[in-house]
Amino acid sequence: PFDKEDASRIWSEVAHSNLTLEQLFTNSHRTDLEEHKFPREIRKVKISIDSLSPIGAVQTVLAEQKVCVLKGEEKKRLPGVLYNLFEAGSEVVIAPLVVRERTAGIVLADNAFHNRPVNEATLEFFSLVLGLGGLALGNAMEYRETKQNLEKLEQLNETLRNVQAELVACERLAAIGKISTYLAHEIRNPLVAIGGFVRQILGMDDAQQIQRNVRIINSEIVRLERVLNNLLRFSSPMQPVKERVLLAEIFESLEPVLKTQAEQRNVTLTFDVPGDIVVFVDRVQMNEVIYNLVMNALENTQTSGKVAISARGGSDFVRIEVEDTGCGISPENLKKVFDPFFTTKLHGTGLGLAVVKAIVEEHHGGKVGVSSELGKGTKVHILIPKGGEHEETIADRG
Ligand SMILES: Nc1ncnc2c1ncn2[C@@H]1O[C@H](COP(=O)(O)OP(=O)(O)O)[C@@H](O)[C@H]1O
Ligand SMILES: [Mg+2]
């Protein structure tokens, strides 16, 4: 209330209406509080905490976080400015406004309008109102902090998105660069050769000479096809079509080709693949994996070296190993062997192991690993999950 009349109006309103506490608060929201009616002096009061007497009432309330009632002479314990403002009442209540467990301020009230002693019920009500006020303030602060945190988080996210986009752009550029170099090298050479031999043919009469040139041209075309196939398989690997296959069957179909390659290099190639391991895989892709691994082993193994292929079935995974007694890989290169286009060979594509990794890990949910020692040899292993249908026995296939 602003004055005695205002107070009695409020009290009679409260007395004659059946308002709940909540309605009372809602209805009594007074915009005119901020206007001229509110005692100007109060708004001007500024008290520095340092200037307060340590034994004064305000300090005690701040320190103890407890409500304090000053009666009569006790009012002198108020700081001078406040004492003047609360002159009219015979009793003054000082209470802490606690926000998030810390005293955020104090609230003073007196009994100037009715001059009746402040009783327990009034104090309880006063504490309740302050408690609610403190909670509301705390919530508001928390809300503001959460909002600020969210904004910060959003900013961080934004930064992250930008950095990521830049990174992707960089990687794409780098990949395009590598592809261009690869294509320039791998396609230009055969093209130049083909062009040269074709131009020779244009001035030739001798059928045998022409035949010879055409054969060379054909082999260059085969090379071009291989380059393109590799690149295509790498850039858009086909979705796997999985089926239950006997692992030994895959090796059997590859054996003739691999044996021939091994013999040409005078390398001993051995297979140790149990006949009863069933895998749930894309047959063609798995062929390619084994072929790439064994060819790598053969290409890096000197004459009279050994390449051993083995497979073992576990409860959940099948482990296939290709081990060679070849030149080995340096620790530095070992980190890069799965990178697309990484090759140490003059005519390598650098795509073999990248394709192996994509097929095994992305298409089959497996894992590829490589260990190597320079000058001693290399071992590449792959783990293939047995897949959802492994409870079915081989006999079920009919
Ligand atoms: N068994 C191996 N022994 C030694 N080095 C290997 C072996 N397998 C792969 N590498 C190394 O990894 C590189 C990448 O292999 P890969 O991706 O198949 O491409 P490419 O065979 O065309 O070079 C090879 O150039 C070679 O340096
Ligand atoms: Mg290779």
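Here the structure is shown first, and the text comes after it.
Since the structure is predicted, the reported quantities are computational estimates derived from the model, not experimental observations.

A. Spatial organisation of the sheet that holds strand 1 (residues 68-71). An order of 1-2-3 is seen for the 3 strands of this open sheet, with the pairing classed as antiparallel. The open sheet has two free edges, formed respectively by strand 1 and strand 3 (102-110), since each of these has just one partner strand. Averaged over all neighbouring strand pairs, the angle between strand axes comes to 20°, with direction disregarded.

B. Summary view of the sheet that holds strand 5 (residues 268-272). Read across the sheet, 5 strands follow the order 5-7-8-10-9 without closing on themselves; strand pairing throughout is mixed. The open sheet has two free edges, formed respectively by strand 5 and strand 9 (367-373), since each of these has just one partner strand. The average undirected angle you get between the axes of adjacent strands in this sheet is 10°. By the bridge criterion, 5 bridges tie strand 5 to strand 7 (residues 306-313) in an arrangement that is parallel. Along strand 7, the bridge assignment pairs Phe271 with Ile309. Docked against the sheet, helix 9 (residues 283-299) engages strand 5, strand 7, strand 8 (317-324) and strand 10 (377-385), running at close to 25° with respect to strand 8.

C. Quick peek at the site of ligand 1. Around ligand 1 sit 18 residues in total, of which Thr343, Thr344, Lys345, Gly350 and Leu353 are the nearest. Thr343 places a polar side-chain atom, nitrogen or oxygen, 2.5 Å from an oxygen atom of ligand 1. Contact between ligand 1 and Leu353: an oxygen atom at 2.8 Å from a main-chain N or O atom of the residue. Protein chains bury 94% of the 530 Å² of accessible surface belonging to ligand 1 in isolation. Contributing elements (two or more residues each) for the shell around ligand 1: helix 9 and helix 11 (352-363). Looking at the shell around ligand 1 residue by residue, the class counts come to 6 nonpolar, 10 polar and 2 charged.

D. Molecular detail of the pairing of strand 1. In strand 1, alternate side chains face the same way, and those of Cys68 and Leu70 are buried while those of Val69 and Lys71 on the opposite face are not. Pairing geometry for strand 1 and strand 2 (residues 91-99), over 4 bridges, is antiparallel. When the bridges of strand 2 are listed, Leu70 appears paired with Val92.

E. Quick look at helix 4 (residues 57-64). Inspection of helix 4 places Ala57, Val58, Val61 and Leu62 among the buried residues, and these make up the whole buried set. Buried positions in helix 4, seen along its axis, are confined to an arc of 135° and lie on one side of it. Directly beyond the C-terminal end of helix 4, a positive phi value near 55° is found at Gln65.

F. Structural view of a nonpolar patch on the surface. Together, Phe125, Leu128, Leu132 and Leu135 give the surface a local cluster of nonpolar side chains, amounting to about 380 Å² of exposed area. Secondary-structure assignment places Phe125 in helix 6 (residues 120-202). Accessibility expressed as a relative area gives 39% for Phe125, which makes it partly exposed.

G. Broad picture of the pattern of salt bridges. Applying the stated rule across the entire model yields 17 salt bridges. One salt bridge in this structure joins Glu154 and Arg161, with 3.2 Å as the shortest N-O distance. Residue Glu154 is classed as partly exposed on the basis of its relative accessible area of 42%. Among the residues examined, Arg161 registers a relative accessible area of 42% and is labelled partly exposed. A salt bridge links Glu255 to Lys259; the shortest N-O distance between them is 3.2 Å.

Rules behind the numbers
- Note that residues are indexed from 1 along each chain, following the sequence as it is written.
- The naming scheme follows written order: chains are lettered A onward, ligands numbered 1 onward.
- Owing to the predicted nature of the model, reporting of local features is limited to residues with pLDDT of at least 70; listing and counting of side-chain atom pairs is limited to 80 or more, with chain, interface and lining totals taken over all residues.
- Note: side-chain values were computed over all heavy atoms of the structure, leaving out hydrogens and water.
- A pair of strands is labelled paired if DSSP reports no fewer than 2 bridges between them.
- Working definition: helices are DSSP H or I runs of at least four residues, strands are E runs of at least two. Numbering for both runs from the N terminus.
- Axes here refer to lines fitted to C-alpha atoms; in helices the fit is confined to the stretch in contact. Angles between the N-to-C directions go from 0 to 180 degrees.
- The contact rule is simple, with two residues in contact once any of their heavy atoms fall within 4.5 Å.
- In this text, near means that some heavy atom of the residue lies within 4 Å of the molecule or strand in question.
- In the analysis that follows, any N or O atom pair within 3.5 Å is treated as a polar contact, provided that within protein one partner can donate a hydrogen and the other can accept it, and provided that, for residues neighboring in sequence, both atoms belong to side chains.
- For the area figures, the Shrake-Rupley method with a 1.4 Å probe applies, and any residue is considered shielded solely by the protein chains shown.
- Just so you know the grouping, Ala, Val, Leu, Ile, Met, Phe, Trp, Tyr, Cys and Pro go in nonpolar, Asp, Glu, Lys and Arg go in charged, and all remaining residues, Gly too, go in polar.
- With a 1.4 Å probe rolled over the protein chains alone, any residue whose accessible area is under 20% of its type maximum counts as buried; one over 50% counts as exposed, and the rest are partly exposed.
- Note that the arc is computed from the directions linking the helix axis to the C-beta atoms.
- Two distance rules govern patches: like charges are joined within 9 Å, and nonpolar side chains (Val, Leu, Ile, Met, Phe, Trp, Tyr) within 5 Å, applied only to residues with over 30% relative accessible area and no salt bridge.
- One side-chain nitrogen of Lys or Arg within 4 Å of one carboxyl oxygen of Asp or Glu is enough to make a salt bridge.

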